[in-house]
Amino acid sequence: MKGSRIAAVGHYQPARVLTNEDLAGMVDTSDEWITSRVGIRTRHIAGPDEPVDELAAHAAAKALAAAGRAPGDIDLVLVATSTAVDRSPNMAARVAARLGIPRPAAMDINVVCAGFTHALATADHTVRAGAATRALVIGADKMSDVADWTDRTTCVLVGDGAGAAVVEAAEEPGVGPVLWGSVPEMGHAVRIEGEPARFAQEGQSVYRWATTQLPPLARQACERAGFAPEDLAAVVLHQANLRIIEPLAAKLGAVNAVVARDVSESGNTSAASIPLAFSKLVEQGAISSGDPVLLFGFGGNLSYAGQVVRCP
C-alpha cells in the first residue's frame with residue numbers, strides 16, 4: 001500500500017453540561033468575562049464514574065460502526081491522552097478490552113493538546129511500514145480531573161470528551177505528511193503536574209507563541225501535502241480558545257475553508273479537541289468525502305503536529 005486513509009470518525013461527550021452561569025456560581029467570573037476572553041459558552045463534564053477509557057471507547061465504537069468494521073479488524077490502538085490516572089494497564093489496552101479487540105498493539109501517546117495529530121501520524125507511519133493494516137486512533141481527555149476549580153483563569157477553559165478515527169491502508173494516500181516539532185525549553189508554559197496533578201498555563205506566552213509562530217508552520221504542513229491554504233475545505237485547529245483559533249486561521253490564509261469552532265460548545269478538551277471537532281463537521285455535513293482538511297494540534301510541551309487529510 002502507498003499510504004493510509006481515515007475510513008471513519010466518531011466522537012463522544014458526557015451528558016452533563018456546565019455553563020458559564022454555573023461557573024459564575026463557583027468562582028469570581030461571568031458569562032461576559034468568559035465569552036469575551038476565550039469564546040467558550042458551555043463545556044461537557046464527566047462524572048466520577050466515567051473514566052478516560054470509557055470516553056475513548058464510546059468514541060471508538062462510533063468510529064468503528066461508521067467504518068463498517070468489527071473489533072477484530074483492528075491491529076493497532078493508539079490513545080492520545082494526558083489525563084490517565086493509572087500507569088498500567090494503559091488507556092489503549094483498556095479501550096481494547098472494552099471493545100473486545102483481540103491482540104492489538106496498544107500504546108498511549110502523551111503530547112497533551114497535540115496528542116491526536118501525533119498519534120495519527122504514528123498510525124500513518126506504522127501502516128506505511130507494513131506493521132499494521134488498520135488502526136484505531138483516539139484522542140481522549142478528562143480535563144475536569146486536573147482542573148483547579150478555584151482558578152478562574154483556567155477552570156473556565158476545560159471540558160471532557162473523546163474523538164476517534166479508523167485509519168487503514170490505502171492505495172491512494174489520504175493522510176498527508178506530518179509536520180511536527182516542539183519548543184522544549186518553554187515546556188513550563190503549559191503544565192499538568194503536582195500531587196494532585198493540576199492544569200496550569202502561562203496564558204499570554206501561549207497566546208503569543210500560537211498566533212505568531214504557528215501560522216507559517218501550518219502553511220508548511222499544507223505544502224508538504226501539496227495544497228495551498230486556499231485549497232482547504234476545512235481547518236480543524238486545537239480548540240484552545242477562539243482568541244487563538246480565529247487569528248491563527250486568518251493568518252493561515254485558508255479563505256475558502258470552514259473553520260472549526262467547537263471550543264464554544266465543548267471547551268478545551270486537550271487531545272480530544274481535534275477529532276471531536278472534526279467528527280462533528282463530518283456528522284453535520286459541513287464537509288464532504290474527499291475534501292482536504294488541515295488538522296493542526298498545538299499546546300502542551302509547546303509541541304505541534306499537523307497534516308492534511310482527506311475527509312472520510
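Before going into details, it helps to say that this report is about the structure given with it. (Residues numbered from 1 in each chain as written. Predicted model: local features only at pLDDT ≥ 70, side-chain atom pairs only at ≥ 80, totals over all residues. Heavy atoms only, no water.)

It is worth spelling out the overall build of the protein chain at this point. A count of helical and extended segments in the protein chain gives nine helices and 14 strands. Whereas a compact globule of 312 residues would reach a radius of gyration of roughly 20 Å, the protein chain reaches 18 Å, a difference of no more than 12%. C-alpha extents for the protein chain along the principal axes are approximately 55 × 45 × 40 Å. Taken over 312 residues, the protein chain has a buried fraction of 57%. Sequence separation of at least 24 residues holds for 77% of the intrachain contacts in the protein chain that already meet a minimum separation of 6. Split by element, the accessible area of the protein chain, about 12000 Å² in all, is 49% carbon and sulfur. (Helix = DSSP H or I, 4+ residues; strand = E, 2+ residues; numbered from the N terminus. Rg over C-alpha atoms; globule rule 2.2 N^0.38 Å. Buried < 20%, exposed > 50% of the residue type's maximum accessible area, 1.4 Å probe, protein only. Contact = heavy atoms within 4.5 Å. Areas by Shrake-Rupley, 256 points an atom, 1.4 Å probe, with all protein chains shown as cover.)

For the pair helix H3 (residues 52-67) and helix H4 (residues 91-99), interaxial distance at closest approach is 9 Å and the crossing angle is 55 degrees. It follows from the interaxial angle that H3 and H4 lie oblique. As for how H3 packs across H4, the hand of that crossing is right-handed. Across the interface between the two elements, Val52, Asp53, Glu54, Ala56, Ala57, Ala60, Ala61 and Leu64 from H3 touch Met91, Arg94, Val95, Arg98 and Leu99 from H4. (Axes fitted to C-alpha atoms, helices over the stretch in contact; angles between N-to-C directions. Parallel < 35°, antiparallel > 145°, perpendicular 65-115°, else oblique. Left-handed = near helix turned anticlockwise from the far one by under 90°.)

The next point concerns the pairing of strand S9 (residues 190-193). Pairing of S9 with strand S10 (residues 198-201) involves four bridges; the strand directions are antiparallel. By the bridge assignment for S10, Val190 is matched with Gln201. (Pairing = 2+ DSSP bridges.)

Take the pattern of salt bridges next. In total, this model carries 12 salt bridges according to the counting rule given. Where Asp262 meets Lys280, a salt bridge forms, and the shortest distance between an N and an O atom there is 2.8 Å. Placement of Asp262 in the loop between strand S12 (258-259) and helix H8 (263-266) and of Lys280 in helix H9 (residues 273-284) is noted, with a sequence separation of 18 residues between them. There is no split in this pair, since Asp262 and Lys280 are both buried. A network of salt bridges, in which partner residues are shared, links Arg5, Arg69, Arg134 and Glu168. (Salt bridge = Lys/Arg side-chain N within 4 Å of Asp/Glu carboxyl O.)

The next thing to look at is the sheet that holds strand S11 (residues 234-237). Taking strand neighbours across the sheet as the criterion, the five strands line up as S8-S14-S13-S11-S12 in an open arrangement whose pairing is mixed. A single partner strand is all that each edge strand has here, and the edge strands are strand S8 (179-182) and S12. Alignment of strand S13 (residues 292-298) against strand S14 (residues 303-310), held across seven bridges, turns out to be antiparallel. Opposite Leu295, over in S14, you have Gln307 as the bridge partner. In the packing of helix H5 (residues 115-128) onto the sheet, contacts are made with S8, S13 and S14, and the angle to S14 comes to roughly 55 degrees. Relative to S11, H9 is tilted by about 150 degrees, and along the sheet it contacts S11, S12, S13 and S14.

What follows concerns H5. Between the first and last C-alpha of H5 there are 20 Å, a value that for 14 residues agrees with the 20 Å anticipated at 1.5 Å per step. With 10 of 14 residues buried, H5 is to be regarded as a mostly interior element. Those residues of H5 that fall on the buried side of the exposure criterion are Gly115, Phe116, Thr117, His118, Ala119, Leu120, Ala121, Ala123, Asp124 and Val127. Gly130 occupies a position one or two residues after H5 and carries a positive phi of about 85 degrees. (Expected span 1.5 Å × (residues − 1).)

Our next topic: the pairing of strand S1 (residues 3-12). Across the 10 residues of S1, nine count as buried, placing the element largely inside the fold. With nine bridges joining them, S1 and strand S7 (residues 160-170) adopt antiparallel strand pairing. The partner of Gly10 across the bridge, within S7, is Ala164.

Let us now look at the nonpolar core. Formed by 49 residues in total, the largest nonpolar core has its most connected members in Leu214, Leu232, Leu294, Phe296 and Phe298. Breaking this core down by element, the ones donating at least two residues are helix H2 (31-38), helix H6 (203-224), S11, helix H7 (242-252), S13 and S14. Considering every element that reaches this core, the biggest residue donor is H6, with eight residues. Excluding residues within four positions of it along the chain, Phe298 makes contact with Cys113, Ala114, Trp209, Ala210, Leu214, Leu237, His238, Ala240, Ile244, Leu248, Ser303 and Tyr304. If you look at the next biggest cluster of nonpolar residues, it comprises 32 residues, including Ile274, Phe278, Leu281 and Cys311. (Core = buried A, V, L, I, M, F, W, Y, C linked by side-chain atoms within 4.5 Å.)

Moving on to the packing of H6 against H7. Axis separation between H6 and H7 bottoms out at 9 Å; the angle between their running directions is 40 degrees. Regarding the angle of H6 to H7, the classification is oblique. Crossing handedness for the pair H6 and H7: right-handed. Across the interface between the two elements, Val206, Tyr207, Ala210, Thr211, Leu214, Pro215, Ala218, Arg219 and Cys222 from H6 touch Arg243, Ile244, Pro247, Leu248, Lys251 and Leu252 from H7.

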